[in-house]
Amino acid sequence: MANTRTTPSGTPTNVTQKHTQGGIGESTLRPDGTLKVTGEFAYSSDMWHEDMLWGQTLRSTVAHAEIVSIDISEALAMPGVYSVLTYDDLPAEMKNYGLEIQDTPVLANGRVRHHGEPVALVAADHPETARRAAAKIKIEYRELPLVTDEASALAADAPLIHPGRDDHHSGHVPHPNIVHRQPIIRGDVEEARKRADVIVEGEYTFGMQDQAFLGPESGLAVPAEDGGVDLYVATQWLHSDLKQIAPVLGLPEEKVRMTLSGVGGAFGGREDISMQIHACLLALATNKPVKIVYNRFESFFGHVHRHPAKLWYEHGATKDGKITHMKCRIVLDGGAYASASPAVVGNASSLSVGPYVIDDVDIEAIALYTNNPPCGAMRGFGAVQACFAYEAQMDKLAAKLGMDPVEFRQLNAMEMGTIMPTGQVVDSPAPVAELLRRVKARPLPPERQWETAGEAADLRALPGGLSNTTHGEGVVRGVGYAVGIKNVGFSEGFDDYSTARVRLEVINGEPVAMVHTAMAEVGQGGVTVHAQIARTELGVTQVTIHPADTQVGSAGSTSASRQTYMTGGAVKNTCEAVREALLEMGRRKNGSYHPAWAQAELLLEAGKVVTDGGEVLADIADILEDEAIDLELEFRHRPTVAFDLVTGQGDGHVQYTFAAHRAVVEVDTELGLVKVVELATAQDVGKALNMLSVVGQIQGGTTQGLGVAVMEEIIVDPKTAKVRNPSFTDYLIPTILDTPTIPVDVLELADPNAPYGLRGLGEAPTLSSTPAVLAAIRAATGLELNKTPIRPEALTGTL
């Protein structure tokens, strides 16, 4: 999958001039890469402890019900069972947890609110014994009316998912089944509407997507002699887990020690608690190590999903192609518990206009409590759903005006200096028009690639692939474009910071740096980049990455495209402080012998202290001798503020990032089959710290966007609110045979406010890839297609 790299002439890159092999800008390999591809890497599910028990969770079989009774006697009587716990056995007064709102019970308390909610826990000496014991627990339910959509959630007589909230709603949140509401009002939409020569409307439906990480939830809790617990777990945010776990266990945080174990993917699905508290409770109850590993079926119930959404949009434009106004309403289904829904609403509303200049807007976004599965963080975090809708609107406007869809977007594209609907000024490069130009200018792949003279058709190049359903009859090509905007980092006044500890010492005669952070490495490549930063800033070759744990300050979540920016920034800052301490040490030891120590600008390169003119002053090892420099510092981005709850105004985001896609598809219009031939993309990354990693992240995000466009959706039965397809047999994700060629064009336009000028990049390609594929399918079929994913029956008229 080819890629190109472009740094426009004269663009500042804000990159240190020091060069050390394996440093910033080089495509160094992942230290864990070989182990992962050979199957030798130890994931959390591989952990083992002598005398270990196995934990099992019993989950509700109904979506909304009172728990009349629970009988655990048969389970407790089974040989090999050590403990059975229900809500009444929880040790502390705090029995709920949650990322932002503590509304999620550790175990159901007299009521279940969604299919698969945890009700009881079992610890046994064998996983099969634990499963059989859980099956012997008898629960009597009295089912309650279901809330499954906006109509049932907001009806005057709607059942309240969380009755205790009825005293907390106001004009801002007019119904207790609304988790959060964010309006954004700017300009005068009704006046602007009068200037419009054309107006288009659209209603859009976005399905529930699963993160579908390949490593299921797992962890090992080990009771400690001090009455605390050591937890080894796959997660995205160690310190957030810690703050939720300790109060429920009735322990101070220092007695809950957490260490990151091998993580088999995340994409937002590990930002919430899953088995962490359950394993700790069982370990403390039995005084034995307890391991919990979900199977794939349970994993679908054990983590949150992407919010399904209903979106209504109206846009107007003048006959010369200028957008006059935009109105939209976004309804996100948050499911039974809040999770990250308030922040997702903030993103969906503030980014709902897209990367376009629109001065007059009227926006409302809400998230609902329902009895559907809980939804929360997933790659793109609210901006994905909005991008799907506003990009369809751009194509509708262009078609109604008779304009080229790319030229129409370029005419209205934001740029540096644009004012967002929230009133925030975009104060770094925003190359939206250029990204679109690049994907459009790329040569199209050859048509009818399945045809080979004198040979049988190559089925892999046909819609339907190796299913051998067509040989090209009725196959039509379509090309579609889309571009998206995503924020980077935590927003709306959140105290977003990260911590890094760096130790520089001499080992076996060579200077070695150790980098210690609590960053969760979930596949994004932070362990690679942190070593590159340390090599660049300290001029050393040998860098050790300490295992992530809670014995160092928080690194925040591995989400929001923030880790390279935030924890990378913390590593950079701490390395700079270590460097200055080293140079001061050198001045004390050598300054009287060589005036350059006091007069020249000093750099660290290849294990030596050198002047900016290249003169070598000393070896780092000789300066340190048997001493070590060990520092821990925090890094914060510039402050943000919460959006006003009436107008939505405020500088809520720290950074914006942009990506564009061109999709080429071939559709068998008779059978409703789609082959995505190519998904070309262009993205501004500010500065590529590791180009190999950059391209991998862009291609991975693009593939996830492809998945939700044509195949991925958790199906929830509207009559029972039960999940119908909790398996990889029935929940489909793209395989290598479904993944098209993904050429990547990387721009590097530095953000002067960011470390090295970089931009967060992991989420942006997930936004525009989905609407680009939909646009291409529309171009091939002439159908409106306002729901994702697109299924064959939607293309053949049998829906």
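That block above? That's the structure.
Rules used in this analysis
Residues numbered from 1 in each chain as written. Predicted model: local features only at pLDDT ≥ 70, side-chain atom pairs only at ≥ 80, totals over all residues. Heavy atoms only, no water. Axes fitted to C-alpha atoms, helices over the stretch in contact; angles between N-to-C directions. Helix = DSSP H or I, 4+ residues; strand = E, 2+ residues; numbered from the N terminus. Parallel < 35°, antiparallel > 145°, perpendicular 65-115°, else oblique. Left-handed = near helix turned anticlockwise from the far one by under 90°. Contact = heavy atoms within 4.5 Å. Nonpolar A, V, L, I, M, F, W, Y, C, P; charged D, E, K, R; others polar. Phe/Tyr/Trp six-rings, centres within 6.5 Å; stacked < 30°, edge-to-face > 60°. Buried < 20%, exposed > 50% of the residue type's maximum accessible area, 1.4 Å probe, protein only. Lys NZ or Arg CZ within 6 Å of the ring centre and 35° of its normal.

Looking at this structure, I do not really get the packing of helix α17 (residues 691-710) against helix α18 (residues 764-781). What am I missing?
For any two helices packed against each other, the geometry comes down to the angle between their axes and how far apart the axes lie. Two numbers describe how α17 lies on α18: the axes approach to 7 Å, and their chain directions differ by 45°. By the angle class used here, α17 and α18 are oblique. In the crossing of α17 with α18, the sense of the turn from one axis to the other is right-handed. Together, Q697, I698, G701, T702, Q704, G705, L706, V708, A709 and V710 of α17 and P765, T766, S769, T770, V773, L774 and I777 of α18 make up the contact between the two elements. Among the residues forming the contact of α17 with α18, the class breakdown is nine nonpolar, eight polar and no charged.

Would you explain the packing of aromatic side chains in this entry?
The geometry of an aromatic ring pair comes down to the distance between the two centres and the angle between the two planes. Applying the stated criterion across every chain, the model contains 12 aromatic pairs. A ring pair is formed by Y204 and F388, whose centres lie 6.0 Å apart and whose planes are at 80°; its orientation type is edge-to-face. One end of the pair, Y204, is in strand β11 (residues 198-206); the other, F388, is in helix α10 (residues 383-401), with 184 residues separating them in the sequence. On the basis of an interplanar angle of 85° and a centroid distance of 6.3 Å, the ring pair of Y356 and Y390 is categorised as edge-to-face. Residue Y356 is found in the loop between α9 (341-350) and β18 (361-368), and its partner Y390 is found in helix α10; the two are separated by 34 residues along the sequence. The same class applies to Y356 and to Y390, which are both buried. An aromatic cluster is present here, built from Y204, F206 and F388 joined pairwise through their rings. The ring centre of F41 lies 4.8 Å from the NZ or CZ of K36, which sits over that ring. Geometry around Y756 places K572 over its ring, the cationic atom sitting 5.2 Å from the centre.

What should I look at first to understand unusual backbone geometry in this one?
For residues besides glycine, phi is generally negative; the peptide bonds are generally trans as well. For the bond running from T788 to P789, omega is 0°, close enough to zero to count as cis. On the secondary structure map, P789 appears in the loop between β30 (787-788) and α19 (792-796). Notably, S561 is not glycine yet its phi reads approximately 50°, a positive angle. Position of S561 relative to the elements: it lies in the loop between β22 (542-545) and α14 (563-590). Look at S561 and you get buried, because its relative accessible area is 15%. One non-glycine residue, A606, lies in the positive phi region at around 50°. Mapped onto the fold, A606 is located in the loop between β23 (602-605) and β24 (608-611). Residue classification places A606 among the exposed positions, given a relative accessible area of 57%.

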